[in-house]
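Descriptive analysis of the structure
Each chain, letter by letter, is given below.
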Amino acid sequence: MIELEARELVGGKRKLELIAVYITKEKKVALEEWAASEERSVSWIVAKLIDKALSARQQQQEGADNDN
């Protein structure tokens, strides 16, 4: 399970940006099924996947920087 990180709050709401993506119907259905199985929204699932991918990329880049 992906853990939720604390976010900056403004007026009791999270300060987040909107990103729109286009995906195939099959991938959308798969995301909807995953979200339903975890009782989460599709947006939450996608946000956590993006967070995880960005963290992995950052660690990879830091490792490459340390090798130089």
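Residues numbered from 1 in each chain as written. Predicted model: local features only at pLDDT ≥ 70, side-chain atom pairs only at ≥ 80, totals over all residues. Heavy atoms only, no water.

Things to note about unusual backbone geometry
Of note, the phi angle at Glu39 is positive, near 55°, even though the residue is not glycine. By secondary structure assignment, the location of Glu39 is in the loop between α1 (25-37) and α2 (42-67). (Helix = DSSP H or I, 4+ residues; strand = E, 2+ residues; numbered from the N terminus.)

Remarks on the confidence of the model for the chain
The share of residues in the chain with pLDDT of 70 or more is 81%, and the mean pLDDT across the chain is 86. Across the chain, α1 holds the top mean pLDDT of 98, while strand β1 (residues 9-10) sits lowest at 62. (pLDDT = per-residue confidence, 0-100.)

Observations concerning the packing of α1 against α2
Interhelical geometry of α1 versus α2 gives an angle of 100° and a closest axis separation of 8 Å. By the criterion of interaxial angle, the relationship of α1 to α2 is roughly perpendicular. Of α2, the residues touching α1 (which contributes Leu31, Glu32, Trp34 and Ala35) are Val42, Ile45, Val46 and Leu49. (Axes fitted to C-alpha atoms, helices over the stretch in contact; angles between N-to-C directions. Parallel < 35°, antiparallel > 145°, perpendicular 65-115°, else oblique. Contact = heavy atoms within 4.5 Å.)

Here's the deal with the packing of aromatic side chains
Under the defined criterion, the tally for this structure stands at 0 aromatic pairs. Lying across the ring of Trp44, Arg40 places its NZ or CZ 4.1 Å from the centre. (Phe/Tyr/Trp six-rings, centres within 6.5 Å; stacked < 30°, edge-to-face > 60°. Lys NZ or Arg CZ within 6 Å of the ring centre and 35° of its normal.)

Overview of a nonpolar patch on the surface
A contiguous nonpolar surface patch, about 320 Å² in accessible area, is contributed by Ile19, Val21 and Ile23. When its relative accessible area of 61% is taken as the criterion, Val21 is described as exposed. (Patch = residues over 30% accessible without salt bridge, like charges linked within 9 Å, V, L, I, M, F, W, Y side chains within 5 Å. Areas by Shrake-Rupley, 256 points an atom, 1.4 Å probe, with all protein chains shown as cover. Salt bridge = Lys/Arg side-chain N within 4 Å of Asp/Glu carboxyl O. Buried < 20%, exposed > 50% of the residue type's maximum accessible area, 1.4 Å probe, protein only.)

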